[in-house]
Amino acid sequence: MGTEGADRFHHIDRSRMLETVVAGPGQLIEGWRAAADAAGLLSSRRTPMAICGMGGSAAGGLLLGDLAGAGAPAPVHVIRNYLLPSWVGEDTLLVCVSYSGDTEETLECFHNALLRGNRPVAITSGGRLAEEARRAGTPLVTIPGGLPPRAAIGYLFGPLLRLGAAHGLVDVDDETVARAVHRAGKIASRYALEADLAGNVALQLAKKLYGRIPLVYSGGGLLANLPYRWKCQFNENSKSMAFANVFPELGHNEVMGWESTERMREGFFLVMLRDAADHPRVQRRMDATYAMLEPLGAGATLLDSEGPPGRAGRLERLLSLLVLGDVASVYLAVEYGKDPTPIDKIQEIKDLLGTEDR
Ligand code: PA5
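In this text, all values refer to a predicted model and were calculated from it rather than measured experimentally.

Participant: Explanation requested: the environment of Pro280 in the structure shown.
Facilitator: Mapped onto the secondary structure, Pro280 falls in helix H13 (residues 280-293). For the pair formed by Pro280 and Gln27, sequence separation is 253 residues and the distance between their alpha carbons is 34 Å.

See below:
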């Protein structure tokens, strides 16, 4: 992009969200290190892990659950609500994540956990969650503040990775994290504003999605929650409607939505995220479904994760497509002439509820 294009870009992306997400992979190392002390308090007990958080602060937990996957010795649950499930007890590894530290749903879970005799780990940049964790003497992981939570995904995911590893739920160590961050950083640099247009898949994708509704699908497994992350990024950064679903389930219901009227289908753009380790029958379903749906909408694209095959490459492959979605959503925002950073409607609702007595 020439100087004029870059100036126009920065005029819209005033808070430089693009630079933050391109540099994002480096946050993961910092987040991983920030949780060293809290992880040191855990034993590899392999009891269920529950992660409370909302929106951008829940995203790291969803990624951790996918990384742990079906082979994990105990489940990883993400709780995005006020209520803690009754099975959460003293023995559950409970982590409350709120980037601002002031999200009421997460604070309520934190309080309930204390009442149950649980000692939740808090991950936050400050706010009430930090204050209350200090007061209760529970483990506190402090991460750098000042970013939109969704642009702090590495700071939020890194500590969870470390806690999940110390608890025996994911097989990740310093070296795995360093390798994944290195690869993700190289991939992200291909999507930078000054990068060669021919290799900038994020920008190319954003241009294709302009004026369309992305329907983002994956094969479950390692990428189970990635369509949802992409959807949320298109919602919040691009100010676009978007939908997410996973195979094989979507072949049993959502696929029928592609029989909508032609006028509706003209708005659909199919984005299929694939991983080499997707179940073979899921791969077969994805191929057949792609061939069936591609002619029906406004366009379609297949995007493959990048990284070594097998369990050792899971984190690298997951991050490769996380970065692509994050950056594409920022380019799409600018295509629409929208600043990716403000989230007025989300803030309006928080402000409204914040004024009410509880
Ligand atoms: O992207 C966002 O800003 C939101 O989804 C927030 O993450 C969400 O509202 C929760 O706030 P916090 O992350 O500060 O707990």
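Anyway, onward from the coordinates.
Participant: Would you mind going over the pairing of strand E9 (residues 299-304) with me for this structure?
Facilitator: On a regular strand, each side chain points to the face opposite its neighbour's, so the side chains alternate between the two faces of the sheet. Summarising the sheet, strand E8 (residues 268-274) and E9 pair through six bridges and their orientation is parallel. Bridge assignment links Met272 to a residue of E9, and that residue is Leu302. Tracing the backbone out of E8, into H13 and back to the parallel element E9 gives a crossover that is right-handed.

Participant: I tried to follow the packing of helix H1 (residues 3-12) against helix H14 (residues 314-335) on my own but got confused; where do I start?
Facilitator: Axis angle and axis distance: for two packed helices, these are the angle between their axes and the distance between the axes, and together they describe the pair. In the contact formed by H1 and H14, the axes pass within 9 Å of each other and the chain directions differ by 95°. In terms of orientation, H1 and H14 fall into the roughly perpendicular class. Of H14, the residues touching H1 (which contributes Arg8, Phe9 and Ile12) are Val330, Tyr331 and Val334.

Participant: When you look at the side chain of Ser240 in this model, what are you seeing that I'm missing?
Facilitator: Inspection of the secondary structure puts Ser240 in the loop between helix H11 (226-236) and strand E7 (243-246). Apart from residues lying up to four places away in sequence, Ser240 is in contact with Arg212, Pro214, Phe234, Asn235 and Tyr336.

Participant: Before we go on, may I ask you to explain the pairing of strand E1 (residues 49-52) in this structure?
Facilitator: The alternating pattern of E1 places Met49 and Ile51 on one face and Ala50 and Cys52 on the opposite face, and all of these are buried. In terms of strand pairing, E1 meets strand E2 (residues 76-79) through four bridges, oriented parallel. When the bridges of E2 are listed, Met49 appears paired with Val76.

Participant: Explanation requested: the site of the ligand in the structure shown.
Facilitator: Close to the ligand lie 13 residues; Ser57, Ser98, Ser100, Thr103 and Glu236 are nearest. Contact distances for the ligand include 2.7 Å between an oxygen atom and a side-chain N or O atom of Lys350. Out of a free accessible area of 380 Å², the ligand has 94% covered by protein chains. A breakdown of the residues in the shell around the ligand according to their chemical character gives four nonpolar, six polar and three charged.

Participant: Looking at this structure, I do not really get the packing of aromatic side chains. What am I missing?
Facilitator: Here the distance between the centres and the angle between the planes together describe a pair of aromatic rings. This structure, assessed with the given rule, holds five aromatic pairs. Centroid distance Trp230 to Phe234: 6.2 Å. Interplanar angle 75°. Geometry classified as edge-to-face. A residue pair is termed a helical-turn pair when its members lie 3 or 4 positions apart in one helix, as Trp230 and Phe234 do in helix H11 at four residues. Given the relative accessible area of 0%, Trp230 is considered buried.

Participant: Sorry if this is basic, but what is going on with the sheet that holds E7 here?
Facilitator: Hydrogen bonds between backbone atoms are what pair the strands of a sheet, whose relative direction is either parallel or antiparallel. On the basis of which strands lie adjacent, the open sheet formed by four strands has the order E7-E6-E8-E9 and parallel pairing. One side of each edge strand has no neighbouring strand; the edge strands of this open sheet are E7 and E9. The sheet shows a mean angle of 20° between the axes of neighbouring strands, direction not considered. Packing of H11 onto the sheet brings it into contact with strand E6 (213-218), E7, E8 and E9, and relative to E6 it is tilted by some 160°. Together, E6, E8 and E9 form the strand contacts of H13, whose direction differs from that of E8 by roughly 165°.

Participant: Would you mind showing me how to read the sheet that holds E1 here?
Facilitator: Read from one edge to the other, the open sheet built from five strands follows the order E2-E1-E3-E4-E5, with strand pairing classed as parallel. Both outer strands of the open sheet, E2 and strand E5 (140-142), are each paired with one neighbouring strand and no more. Put simply, the sheet's adjacent strands are angled 20° from each other on average, direction ignored. Bridge count between strand E3 (residues 93-98) and strand E4 (residues 121-124): four bridges; the pairing is parallel. Counterpart to Val95 in the pairing with E4 is Val121. Helix-sheet contacts for helix H6 (residues 104-115) involve E1, E2 and E3, and the interaxial angle to E3 is about 150°.

What counts, and at which threshold
- Residues numbered from 1 in each chain as written.
- Predicted model: local features only at pLDDT ≥ 70, side-chain atom pairs only at ≥ 80, totals over all residues.
- Heavy atoms only, no water.
- Helix = DSSP H or I, 4+ residues; strand = E, 2+ residues; numbered from the N terminus.
- Pairing = 2+ DSSP bridges.
- Right-handed = clockwise from strand over helix to strand, strands pointing away.
- Axes fitted to C-alpha atoms, helices over the stretch in contact; angles between N-to-C directions.
- Parallel < 35°, antiparallel > 145°, perpendicular 65-115°, else oblique.
- Contact = heavy atoms within 4.5 Å.
- Buried < 20%, exposed > 50% of the residue type's maximum accessible area, 1.4 Å probe, protein only.
- Near = heavy atom within 4 Å.
- Polar contact = N/O pair within 3.5 Å; in protein donor to acceptor, adjacent residues only side chain to side chain.
- Areas by Shrake-Rupley, 256 points an atom, 1.4 Å probe, with all protein chains shown as cover.
- Nonpolar A, V, L, I, M, F, W, Y, C, P; charged D, E, K, R; others polar.
- Phe/Tyr/Trp six-rings, centres within 6.5 Å; stacked < 30°, edge-to-face > 60°.

Keep in mind these numbers describe shape, not what the thing actually does.
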